[in-house]
Amino acid sequence: MEYCMTLQDSPFFRADHVGSLLRPPALAAARRSWKSGDMDVAGFRAIEETALREVVAGQRDVGLNAITDGEYQRDWWHLDFLAGFDGIDMWHTSLGGGFNNEEQPPLVRVTGLIDWPDGGIFVEAFKRLKTLVEDLAPDATPKLTIPGPGMMQLRAGRRAIEPVYTDQDLFWSDLTAAYRKEIAALAAAGCTYLQIDDVSFAYLCDDNQRQNLRNRGEDPDDVLIQYRDATNEALRHRPPGMMITTHMCRGNFKSSWVAKGGYGRVAEVLFPTHKADGYFLEYDSDRAGGFEPLTHVPHDKFVVLGLVGTKTGCLELTDDIRRRIEQAADFLPMDNLCLSPQCGFSSTYHGNDLTVDQQWAKLRLVTDLARDVWG
């Protein structure tokens with residue numbers, strides 16, 4: 001029997017955030033030294049522990065009830081996780097760039113049959129977060145973010161998969177089976193809030209991105225269904241008591257963006273059939289279009305409105321955000337709505353173009369306004 005939460009029993013939060021937070025310079029420097037071999041793991045973990053304690057306390061202090069590790073325990077929002085599977089590695093190409101190319105992250109590609117590694121990928125990282133939340137914010141919920149399975153194939157297409165997998169169905173079957181094992185291990189470690197980030201769904205609203213898929217021989221409408229089905233397969237037999245959300249955005253690398261176009265291109269197919277309990281939808285600019293696609297969201301799901309920008313330090317006006325929430329409520333009941341920033345503040349280790357103080361001010365705006373709107 002397939003498990004799925006209802007809106008009534010989902011522990012969703014009126015004030016939430018996407019997950020990544022600006023890295024402290026000391027942590028960034030220590031991580032570089034550790035990876036280059038100039039610092040041992042014990043020395044690095046001590047510095048990382050201090051940074052993690054501070055970021056957990058910071059989220060607590062601004063009033064957040066869903067607390068992440070700021071994605072401090074990784075370099076990239078997606079690549080560290082995907083490359084953690086057996087049979088998948090990072091791929092440094094002219095198309096994907098590399099760690100020395102500030103303009104593009106690397107890609108990932110299949111180098112062998114995909115499987116779940118013993119011990120998991122982010123399981124230990126989640127355990128460290130959970131311990132700190134229990135110590136510093138015992139009434140809060142530790143939240144983990146991972147990329148969706150579609151991110152394995154979005155940027156490079158089939159050339160990231162072949163020649164290991166000439167059978168596409170077998171590739172998706174192996175990948176989603178490995179996802180299910182990781183999700184089960186996370187649940188066993190105490191994870192009750194998992195966010196699956198997938199930019200592909202928003203990218204598929206953009207005419208240029210859709211044409212790029214056609215240019216490499218893929219139908220964008222078929223890709224939407226394939227990525228939705230892959231996510232649903234990853235969530236098959238999802239653990240009871242685990243809330244699942246999905247974040248969709250149009251790019252966030254170093255305060256940049258990649259795609260534009262309203263959610264109407266995908267809403268009718270995606271929202272009623274995707275197995276998440278709720279959606280984090282980017283709505284901080286005209287690139288996201290209007291709120292009309294929210295009419296396709298079933299009333300047993302919730303939507304977290306990403307109305308506060310993370311690409312600049314300019315603080316939004318409370319009345320403007322309140323007005324936008326009321327506009328969204330014309331298409332989805334207010335009881336189904338929540339508030340967050342539009343994306344993370346540091347999707348990669350580089351970070352976005354704002355200060356730490358500006359980051360916390362924006363998160364404080366989210367929590368204060370959510371309290372005023374919903375009580």
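We now examine the sheet that holds strand S10 (residues 337-341). Strand order in the open sheet formed by six strands is S5-S6-S7-S8-S9-S10, and the pairing between neighbours is parallel. Because the sheet does not close on itself, it has two edges, and the strands there are strand S5 (144-147) and S10. Across the sheet, the mean angle separating the axes of adjacent strands is 25° when strand polarity is ignored.

What follows is about the pattern of salt bridges. Inspection of the entire model under this criterion finds 23 salt bridges. The partner of Lys362 in a salt bridge is Glu316, with the nearest N and O atoms 3.0 Å apart. One end of the pair, Lys362, is in helix H11 (residues 356-374); the other, Glu316, is in the loop between strand S9 (302-308) and helix H10 (318-328), and 46 residues separate them in sequence. Through salt bridges with shared partners, a single network forms among Arg31, Lys35, Asp75 and Asp80.

Another aspect to go through is the nonpolar core. Within the largest apolar cluster, 106 residues are counted, with the highest numbers of intra-cluster contacts made by Phe85, Leu194, Leu294 and Leu305. When near neighbours in sequence (up to four residues on either side) are disregarded, Leu305 contacts Leu281, Tyr283, Phe291, Leu294, Ile325, Ala328, Leu337, Cys338, Leu339 and Ser340. Counting residues in each nonpolar core, the second largest holds ten residues, with Phe12, Ala66, Tyr193 and Phe302 among its members.

Evaluated as defined, the whole model comprises 14 aromatic pairs. When the ring of Trp76 is compared with that of Tyr349, the centres are 5.3 Å apart and the planes differ by 75°; the resulting orientation is edge-to-face. Taken as a pair, Trp76 in the loop between strand S1 (66-67) and helix H3 (79-82) and Tyr349 in the loop between S10 and H11 lie far apart in primary sequence, 273 residues in all. Judged by relative accessible area, Trp76 falls into the buried class, the value being 1%. Aromatic side chains Trp172 and Tyr227 sit 5.9 Å apart centroid to centroid with 55° between the ring planes, which places their arrangement in the tilted category.

Per-residue pLDDT for the chain has a mean of 92; in total, 94% of the residues score no lower than 70. Note that pLDDT drops below 50 for residues 96-102; the model gives that stretch 21 contacts with residues more than four away or on any other chain.

When two helices pack together, their arrangement is given by the angle between the helix axes and the distance between those axes. Running from N to C, helix H1 (residues 25-36) and helix H2 (residues 41-61) point in directions that differ by 160°, and their axes come no closer than 9 Å. When the axis of H1 is compared with that of H2, the two are roughly antiparallel. Note that H1 runs across H2; the crossing there is left-handed. Residue-level contacts link Ala26, Leu27, Ala30, Arg31 and Trp34 of H1 to Val41, Phe44, Ile47, Glu48 and Ala51 of H2.

Turning our attention to unusual backbone geometry. In this chain, Glu162 is followed by Pro163 through a cis amide linkage whose omega measures 5°. Secondary-structure assignment places Pro163 in the loop between S5 and helix H5 (168-188). A positive phi angle is found at Glu71, which is not glycine, with a value near 60°. Here Glu71 lies in the loop between S1 and H3. In this structure, His237 is a non-glycine residue whose phi angle is positive, near 65°. Tracing the backbone through its elements, the reader meets His237 in the loop between helix H8 (220-234) and strand S7 (243-248). Judged by its relative accessible area of 60%, His237 is exposed.

It is worth spelling out the side chain of Thr245 at this point. Note that Thr245 resides in strand S7. Setting aside residues no more than four positions away along its own chain, Thr245 makes contact with Tyr193, Leu194, Gln195, Ile196, Ala276, Gly278, Phe280 and Phe302.

Definitions and limits used
Residues numbered from 1 in each chain as written. Predicted model: local features only at pLDDT ≥ 70, side-chain atom pairs only at ≥ 80, totals over all residues. Heavy atoms only, no water. Pairing = 2+ DSSP bridges. Helix = DSSP H or I, 4+ residues; strand = E, 2+ residues; numbered from the N terminus. Axes fitted to C-alpha atoms, helices over the stretch in contact; angles between N-to-C directions. Salt bridge = Lys/Arg side-chain N within 4 Å of Asp/Glu carboxyl O. Core = buried A, V, L, I, M, F, W, Y, C linked by side-chain atoms within 4.5 Å. Buried < 20%, exposed > 50% of the residue type's maximum accessible area, 1.4 Å probe, protein only. Contact = heavy atoms within 4.5 Å. Phe/Tyr/Trp six-rings, centres within 6.5 Å; stacked < 30°, edge-to-face > 60°. pLDDT = per-residue confidence, 0-100. Parallel < 35°, antiparallel > 145°, perpendicular 65-115°, else oblique. Left-handed = near helix turned anticlockwise from the far one by under 90°.

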